[in-house]
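# Architecture and fold: a report
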Amino acid sequence: MSDTSKNMIYGSMAAAGVVAVAAVLDLVTGIPFGWGSGATTVMDILFLVSAAIVGYLAWDALQDLRK
């Protein structure tokens, strides 16, 4: 197992987490992107789905490295 591979996986997990937190904050409070039209809500939901997909793929890759 390469440390570089693990670090890239952990980095992608962290990036997905940051995107997910920002999208949830925007949905709940309107911060950091501000209140907007319904398109903003759709984008936040798409960001959450994308973050979940990236998080799952990173977790799966990490499981493959452990084998």
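Owing to the predicted nature of the structure, the values given are computational and were not obtained by experimental measurement. (Residues numbered from 1 in each chain as written. Predicted model: local features only at pLDDT ≥ 70, side-chain atom pairs only at ≥ 80, totals over all residues. Heavy atoms only, no water.)

## Some remarks on the overall build of the protein
Using the following cut-off: Secondary structure elements are taken from DSSP: a helix is a run of H or I of four residues or more, a strand is a run of E of two residues or more, and numbering for both begins at the N terminus. Based on C-alpha atoms, the radius of gyration is set beside the globule rule, defined as 2.2 Å times the residue count to the power 0.38. When a residue's accessible area, from a 1.4 Å probe over protein chains only, is under 20% of the maximum for its type it is buried; when over 50% it is exposed; and in between it is partly exposed. Residue contacts are counted whenever heavy atoms from the two residues lie within 4.5 Å of one another. Per-residue accessibility takes into account occlusion by the displayed protein chains alone, with areas from the Shrake-Rupley method and a 1.4 Å probe.
Per the secondary structure count, the protein includes two helices and zero strands. Relative to its length of 67 residues, the protein is extended, with a C-alpha radius of gyration of 15 Å against a globular reference of 11 Å. C-alpha atoms of the protein, sized along the principal axes, occupy 45 × 15 × 15 Å. Every one of the 67 residues in the protein was classed for burial, and the buried ones make up 15%. In the protein, of all internal contacts separated by at least 6 residues, the share reaching a separation of at least 24 is 57%. Put simply, the protein shows about 4,600 Å² of open surface, and 71% of that area lies on carbon and sulfur atoms.

## So, helix α1 (residues 3-29)
Definition in use: Expected helix span is taken as 1.5 Å per residue step, with the number of steps being one fewer than the number of residues.
The terminal C-alpha atoms of α1 lie 38 Å apart, and with 27 residues this matches the ideal 39 Å at 1.5 Å per residue to within 8%. Residues of α1 that are buried make contact with α2 (38-66). Following α1 by one or two positions, Gly30 has its phi on the positive side, about 85°.

## Things to note about the packing of α1 against α2
The test is simple: The axes used here are C-alpha line fits, helices contributing only the stretch in contact, and every angle between their N-to-C directions lies in the interval 0 to 180 degrees. In these notes the angle categories are as follows: under 35 degrees is roughly parallel, over 145 is roughly antiparallel, 65 to 115 is roughly perpendicular, and the rest is oblique. The hand of a helix crossing depends on one turn: near helix anticlockwise from the far one by less than a right angle means left-handed, and clockwise means right-handed. Classification convention: Asp, Glu, Lys, Arg as charged; Ala, Val, Leu, Ile, Met, Phe, Trp, Tyr, Cys, Pro as nonpolar; all other residues, Gly among them, as polar.
It is at 8 Å that the axes of α1 and α2 come closest, and there the two elements cross at 160°. As summarised for this structure, α1 and α2 are arranged roughly antiparallel, according to the angle between their axes. Two packed elements cross with a definite hand, and for α1 against α2 that hand is left-handed. In terms of residue class, the contact of α1 with α2 is built from 18 nonpolar, five polar and four charged.

## Notes on the environment of Asp26
With respect to the helices, strands and loops of the structure, Asp26 is situated in helix α1. Residues Asp26 and Thr41, 15 residues apart in the sequence, show an inter-C-alpha distance of 8.3 Å. Not counting residues within four places of it along the chain, the set of residues in contact with Asp26 comprises Ile31, Pro32, Phe33, Gly34, Thr40 and Asp44.

## Observations concerning the environment of Gly55
With respect to the secondary-structure elements, Gly55 resides in helix α2. Of the residues examined, Gly55 reaches a relative accessible area of 23% and is grouped as partly exposed. Linking Gly55 and Ala14, residues 41 residues apart in sequence, is a C-alpha distance of 8.6 Å.

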